[in-house]
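Coordinate inspection notes
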Amino acid sequence: MIDLIIDKIHDVRFMTMLLSAVAATATVYALVTPLLVSDSLSKRMKAVASERERIRQRERDRLNRAEKVTLRQSPKQIVQKVVEDFNLTKWLAQEEAHEKLIMAGYRGQAPYVTFLFFRLVTPIVFLVGAVVYIFFLTRMQQTLPIKIGMCVAAAWAGMQAPMVFLKNAISKRQLSIRRAFPDALDLLLICIESGMSVETAFRKVSDEIGSQSIALAEEFTLTTAELSYLQDRKQAYENLAKRTGLEGVKSVCLALQQAERYGTPLGQTLRVMAQENRDMRMNEAEKKAAALPPKLTVPMIVFFLPVLFVVILGPTGIKVAAYMH
């Protein structure tokens, strides 16, 4: 069986057919996926509503000096059992990872326990896969220390895989918030200048901005809940800045804290902050546009110039070859 698999792997025709099938499947998946996208806004808003209820219950219990009640979803039983049996909260727990999970939109104990579970399982899976591939499926002519080093490198890659996934999720979420934040500030400015309170303005903007950025609507909804139920409103703004991790949001939250403390008008502050965030977004777009020519140099040399030379010199080469014969 193993010999058959190895022969198939080294069969050029079979691998070409396999890769073609994978490419065709990926193309069909890319075309069909947009048609099957569900309404993620309603799901995220339900999760935010649950978080809002949790904040409300926590503040009520704190005022009543009762035991804190959590309404968050509990992790799966097998994941929870593995984490508890191996005591992963002690050996693999990271405060930075907990903060990054919140920045990625994963709140509560269940995502944290799941993250610890994969921090344990992923290196093992990568190591076993590397051992099976290197020692059984392929006939590498490398020495034993090199093979062992490759297996260790695979285990290290498995250890870093959950963090890479988390960083990618944070980047996508921050990109969504960054693109919609200037428009959200404009809406917030309109609401406040029309006479609404800060809590009502945040709630109204969260309803309107959901079609543009679900993540920002979620954060504004949580901020509304915290502004309503936290004793210190400054803490609500700090939590918003910490959950997003964006400099533009941090500056706006700092301005809102100062306006809350010193009684300065919010309208002018929000107008200036909206323009600054829009300028920051434009500067980032200009940086990406300026970085395109150096990035396109190598692809042009490798892919475009050979084809251009063939098109230009091809007819001449054919005539010269015909003349020589």
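Let me begin by describing the structure that accompanies this report. Source: prediction; values computed, not measured.

When two helices pack together, their arrangement is captured by the angle between the axes and the distance separating the axes. The geometry of helix α11 (residues 233–244) relative to helix α12 (residues 247–262) is characterised by a closest axis approach of 9 Å and an angle of 175° between their N-to-C directions. Of the possible angle classes, the one that applies to α11 and α12 is roughly antiparallel. Residues Arg233, Lys234, Tyr237, Glu238, Leu240, Ala241 and Thr244 of α11 form the contact with α12, whose own contacting residues are Val249, Lys250, Cys253, Leu256, Gln257 and Glu260. Taken together, the residues of the contact of α11 with α12 sort by class into six nonpolar, two polar and five charged.

In this section: the nonpolar core. Counting 35 residues, the largest nonpolar core has Leu185, Leu188, Phe202, Leu216 and Phe220 as the members making the most contacts within it. For this core, the elements supplying multiple residues, two or more each, are α8 (144–193), α9 (198–209), α10 (214–229), α11, α12 and α13 (266–290). With nine residues, the top contributor of residues to this core is α8. Leave out the neighbours within four places in its chain, and Leu185 touches Val252, Leu270, Met273, Ala274 and Asn277. Counting residues in each nonpolar core, the second largest holds eleven residues, with Leu101, Met103, Ala104 and Tyr112 among its members.

So, about helix α7 (residues 109–137). Each α-helix turn comprises 3.6 residues. Residues three or four places apart therefore point the same way. Its 29 residues give α7 an end-to-end C-alpha distance of 40 Å, which sits within 8% of 42 Å, the value for a rise of 1.5 Å per residue. Of all the bends in α7, the largest measures some 25° and sits at Val121, one to four residues before the proline Pro123. All buried positions along α7 are accounted for by Ala110, Tyr112, Val113, Phe115, Leu116, Phe117, Arg119, Thr122, Pro123, Ala130 and Ile134.

With that settled, consider empty space enclosed by the protein. By the definition in use, this model includes one cavity of 30 Å³ or more. What the largest cavity holds in volume is close to 30 Å³. In terms of lining, the largest cavity is formed by Phe181, Leu185, Leu188, Phe202, Phe220, Leu240, Val252 and Leu256. Contributing elements (two or more residues each) for the lining of the largest cavity: α8 and α12. Of the residues forming the lining of the largest cavity, the biggest block, three residues, is contributed by α8. Of the residues that constitute the lining of the largest cavity, the class distribution is eight nonpolar, no polar and no charged.

So, on to α9. Relative to the 16 Å expected for twelve residues at 1.5 Å per residue, α9 spans 16 Å between its end C-alpha atoms, a close match to the ideal helical length. When α9 is considered as a whole, its buried residues turn out to be Val198, Glu199, Ala201, Phe202, Val205, Ser206 and Ile209. An end-on view of α9 places all buried positions within 160° of arc, on one side of the element.

How each quantity is defined
Residues numbered from 1 in each chain as written. Predicted model: local features only at pLDDT ≥ 70, side-chain atom pairs only at ≥ 80, totals over all residues. Heavy atoms only, no water. Axes fitted to C-alpha atoms, helices over the stretch in contact; angles between N-to-C directions. Helix = DSSP H or I, 4+ residues; strand = E, 2+ residues; numbered from the N terminus. Parallel < 35°, antiparallel > 145°, perpendicular 65-115°, else oblique. Contact = heavy atoms within 4.5 Å. Nonpolar A, V, L, I, M, F, W, Y, C, P; charged D, E, K, R; others polar. Core = buried A, V, L, I, M, F, W, Y, C linked by side-chain atoms within 4.5 Å. Buried < 20%, exposed > 50% of the residue type's maximum accessible area, 1.4 Å probe, protein only. Expected span 1.5 Å × (residues − 1). Bend = angle between axes of the 7 residues up to and from the residue. 1 Å grid on protein atoms, 1.4 Å probe; cavity = no way out; pocket = protein on both sides within 12 Å on 5 of 7 lines; lining within 4 Å. Points joined across faces, edges and corners; volume = space filled by probe spheres on them. Arc of directions from axis to C-beta.

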